[in-house]
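# Notes for the structure review
What follows is the residue order along each chain.
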Number of protein chains: 2
Amino acid sequence: MSTFSLHTLGCGSAKPSLRHNPSSTVLNIREKLFMIDCGEGTQLEFQRQRLKFSRLNNIFLTHLHGDHCLGLPGLISTLALLNKGGCLTIHTFKPGVKIFKKIFNYFCQDRPYEVIFNEIEPEEALIYEDNSITVRTVPLNHRLPDVGFIFEEKPKQRHIIREMVDFYKVPIAQLSSIKGGNPFIREDGTIIPNEILTRPATPSIRYAHISDTAYMPYLAEKIGAVDLLYHETTYLNEHLADAVQRGHSTAAQAAMTARDAGAKQLLTGHYSSRYKDESLFVKEAREIFENSILNKEGLKIALD
Amino acid sequence: MSTFSLHTLGCGSAKPSLRHNPSSTVLNIREKLFMIDCGEGTQLEFQRQRLKFSRLNNIFLTHLHGDHCLGLPGLISTLALLNKGGCLTIHTFKPGVKIFKKIFNYFCQDRPYEVIFNEIEPEEALIYEDNSITVRTVPLNHRLPDVGFIFEEKPKQRHIIREMVDFYKVPIAQLSSIKGGNPFIREDGTIIPNEILTRPATPSIRYAHISDTAYMPYLAEKIGAVDLLYHETTYLNEHLADAVQRGHSTAAQAAMTARDAGAKQLLTGHYSSRYKDESLFVKEAREIFENSILNKEGLKIALD
């Protein structure tokens with residue numbers, strides 16, 4: 001079973017179409033679900049993909065355009081109807097806190113769970129941390145405040161080489177320290193270097209979610225080498241002028257960012273409804289960055 | 001082509017399921033579209049059924065539970081993206097006016113059309129009138145203020161009997177008066193009764209939309225003889241206690257209201273997601289009222 005997977009719930013843009021839901025993505029990291037954006041209809045697609053409401057405790061909003069957040073009131077109501085316990089944290093800008101508090105207080109007053117707002121800013125910051133991951137924001141360039149999110153696993157423990165640990169008779173009580181990279185010091189004072197006892201830790205997975213943004217040449221550097229970069233590709237390069245005017249990116253621009261960041265894979269999305277043949281998005285991206293994936297609702301990518 | 005038809009966009013209840021959308025119904029009356037309730041996802045179902053956004057100028061909200069109105073912000077945004085002109089009137093209670101004004105002003109600021117709020121009360125009243133129809137409210141009994149809507153065509157003109165009009169040499173200028181039911185008075189003073197010159201007008205169509213409500217024995221009298229009664233049937237009679245507690249009706253109760261009102265047909269809906277076999281709703285209703293129809297998304301009923 002995967003310990004870090006991405007699920008696409010919606011990859012259309014603002015004008016609704018029958019081919020796509022508006023924006024929403026779920027990351028399943030060790031059975032904790034992290035939702036990024038929540039367009040109208042997200043709760044139904046969530047059910048369709050058999051994700052578990054009980055495991056959803058964090059929702060991150062990239063920005064406050066309706067196609068990225070208008071599914072939130074319905075979802076909040078449904079979680080109440082399903083008798084969710086505990087709490088749900090919504091990470092959003094100050095105006096989002098204000099308007100959603102009002103909406104929830106009107107439409108979802110009787111909640112058996114707590115809604116916590118984590119007010120974020122359109123700047124680089126660490127906004128979430130638990131035992132296994134951190135989430136950081138990077139500011140984007142759209143028509144209103146907007147951030148991307150970088151999810152990163154914390155450094156993992158090194159792998160014990162069972163035969164060597166047995167050979168040097170390392171006490172069980174010291175295994176945790178050894179996994180942490182420390183050497184083993186024997187009773188006679190001799191030092192067994194860690195590299196003899198362990199193999200390197202599994203690399204930490206990094207995922208970057210870059211929602212609506214105009215092309216930013218310096219963004220790649222902030223993203224760095226990620227296992228997967230979701231980057232909006234609202235337009236094809238033939239409509240570059242529209243992209244610039246509307247604060248969006250073309251598939252080619254997303255591919256440049258993926259290439260310059262040193263990403264392993266690029267995932268497209270947020271397609272303008274004007275295009276009938278969406279394979280053109282990956283075709284355009286692959287001319288610059290080969291490992292480009294065509295996004296669609298129901299897509300699941302395991303990153304481990 | 002029908003001049004008065006009903007289109008079901010959603011007939012599920014509050015807990016979302018993959019089988020139904022939340023509440024929404026559209027009446028197409030002479031190519032004007034009247035929407036009743038607007039649950040999440042309504043705008044997509046509207047498109048799926050190839051209804052025309054440009055013909056939608058009135059939305060009536062029965063009450064302010066989320067499953068009846070949380071599709072409104074997305075729809076309002078989409079109409080702006082589609083460059084709708086003119087105006088759109090939303091008929092809702094005062095708290096609805098207040099909360100939706102806030103939501104629209106945040107998420108749908110730049111609208112090329114005007115949103116007008118018609119503040120209604122949970123009482124019997126005429127709330128809408130145009131050349132061909134009137135809409136009246138009837139108060140219901142739910143967990144918060146709630147109304148049903150009665151749509152009624154205005155009395156139509158009588159049909160001219162061409163041969164008789166020719167025989168009596170009725171001048172063209174008087175035909176409108178004759179269609180209105182007046183006698184024809186000849187130059188010599190003799191009176192030709194209207195019944196000789198015309199056939200009765202086509203009866204006016206009446207439709208009643210009774211959303212969430214506990215059973216009300218006196219409601220039937222207020223509804224009267226309608227061509228079609230939509231009446232919520234959230235539960236089967238075996239769960240009558242739940243119906244009473246939650247302010248809902250069973251299929252049998254809806255059927256009693258249809259029978260007592262003298263309705264021609266009953267349309268079920270707002271099914272609780274607990275029932276897998278929804279044919280039981282009409283089965284139960286038909287034991288009391290034979291002309292009961294099982295509702296589903298995509299259902300279209302022509303009433304003329």
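A quick note: this is a predicted structure, and the numbers were derived from the prediction, not measured.

Residues and elements named next belong to chain B. The seven strands lie next to each other as β7-β8-β9-β14-β15-β16-β17, forming an open sheet whose pairing is mixed. Looking at which strands have only one partner, the edges of the open sheet turn out to be β7 (125–129) and β17 (292–293). Pairing geometry for strand β8 (residues 133–139) and strand β9 (residues 147–153), over seven bridges, is antiparallel. Looking across to β9, one finds that Ile133 is bridged to Glu153.

What follows concerns the interface of chain B and chain A. The interface of chain B with chain A comprises 30 residues on the first partner and 30 residues on the second. Together chain B and chain A conceal approximately 2,700 Å² of surface at their shared face, both sides included; 71% is due to carbon and sulfur atoms. Remark: the boundary between chain B and chain A carries zero salt bridges. Across the chain B-chain A interface, the total number found is six residue pairs in polar contact (both at pLDDT 80 or more). Sorting the residues of the side of chain B that touches chain A by element identifies α1 (42–48), α2 (66–69), α3 (72–81) and α4 (94–107) of chain B as the ones contributing at least two each. Considering each element in turn, the side of chain B that touches chain A owes the most residues, seven residues, to α4 of chain B.

Glancing now at the environment of Phe149 of chain B. Residue and element names in this part refer to chain B. Relative to the elements of secondary structure, Phe149 occurs in strand β9. Its relative accessible area of 0% is what places Phe149 among the buried residues. Note: C-alpha distance between Phe149 and Gln43 (106 residues apart in sequence) is 21 Å. Contacts of Phe149, omitting those with residues within four sequence positions, involve Ile36, Phe60, Leu61, Thr62, Ile120, Ile127, Val135, Arg136, Thr137, Tyr207, Ala208 and His209.

All right, on to the confidence of the model for chain A then. The predicted model of chain A has a mean per-residue pLDDT of 96, with 100% of residues at 70 or higher. Two summary scores accompany this predicted model of the complex, namely pTM at 0.92 and ipTM at 0.90.

Bringing the relation of the copies chain B and chain A into the picture now. For the match of chain B to chain A, the screw axis carries a shift of 0.0 Å, the RMSD comes to 0.1 Å, and the turn is 180°. Expressed as a symmetry operation, the mapping of one chain copy onto the other fits a two-fold axis. No C-alpha of chain B approaches the rotation axis more nearly than that of Gly41 of chain B, which lies at 2.8 Å. A symmetric contact is evident, with 100% of the interface residues of chain B recurring at the interface of chain A.

In this model helix α4 (residues 94–107) of chain A runs 20 Å from its N-terminal to its C-terminal C-alpha over 14 residues, within 8% of the 20 Å that 1.5 Å per residue would give. Of all the residues in α4 of chain A, the buried ones are Gly96, Val97, Ile99, Phe100, Ile103, Phe104 and Phe107 of chain A. Packing partners of the buried residues in α4 of chain A comprise α2 (66–69), α3 (72–81), β5 (87–92) and β6 (114–119) of chain A together with α2 and α4 of chain B.

To continue, consider the pattern of salt bridges. Pairing between side chains of opposite charge can happen when the charged atoms of each approach one another. Residue and element names in this part refer to chain A. This model, assessed by the stated rule, comprises 26 salt bridges over all chains. With its nearest N and O atoms 3.0 Å apart, the salt bridge here joins Asp227 to Lys264. With Asp227 in the loop between α8 (219–223) and β15 (228–231) and Lys264 in the loop between α10 (251–261) and β16 (266–267), the pair connects residues that are 37 residues apart, well separated along the chain. By relative accessible area, Asp227 is classed as buried at 13%.

Before going further, it helps to examine the packing of aromatic side chains. Counted according to the given criterion, the structure contains 30 aromatic pairs over all chains. Arranged with centres 6.1 Å apart and planes meeting at 90°, the rings of Phe60 of chain A and Tyr128 of chain A form a pair that is edge-to-face. With Phe60 of chain A in strand β4 (residues 56–60) and Tyr128 of chain A in strand β7 (residues 125–129), this residue pair connects regions lying 68 residues apart in the sequence. Pairing Phe107 of chain A with Phe100 of chain B gives two aromatic rings, centres 5.8 Å apart and planes at 45°, and the pair type is tilted. With Phe107 of chain A in helix α4 and Phe100 of chain B in helix α4, this residue pair bridges two chains. Among the residues examined, Phe100 of chain B registers a relative accessible area of 0% and is labelled buried. Ring-pair connections join several aromatic residues into one group, and the members of that group are Phe34, Phe60, Tyr128, Phe149, Phe151 and Tyr207 of chain A.

Cut-offs used in this document
- Residues numbered from 1 in each chain as written.
- Chains lettered and ligands numbered in written order.
- Predicted model: local features only at pLDDT ≥ 70, side-chain atom pairs only at ≥ 80, totals over all residues.
- Heavy atoms only, no water.
- Pairing = 2+ DSSP bridges.
- Helix = DSSP H or I, 4+ residues; strand = E, 2+ residues; numbered from the N terminus.
- Contact = heavy atoms within 4.5 Å.
- Buried area = accessible area lost by both parts, 1.4 Å probe.
- Salt bridge = Lys/Arg side-chain N within 4 Å of Asp/Glu carboxyl O.
- Polar contact = N/O pair within 3.5 Å; in protein donor to acceptor, adjacent residues only side chain to side chain.
- Buried < 20%, exposed > 50% of the residue type's maximum accessible area, 1.4 Å probe, protein only.
- pLDDT = per-residue confidence, 0-100.
- Least-squares fit on C-alpha atoms with pLDDT ≥ 70 in both.
- Expected span 1.5 Å × (residues − 1).
- Phe/Tyr/Trp six-rings, centres within 6.5 Å; stacked < 30°, edge-to-face > 60°.

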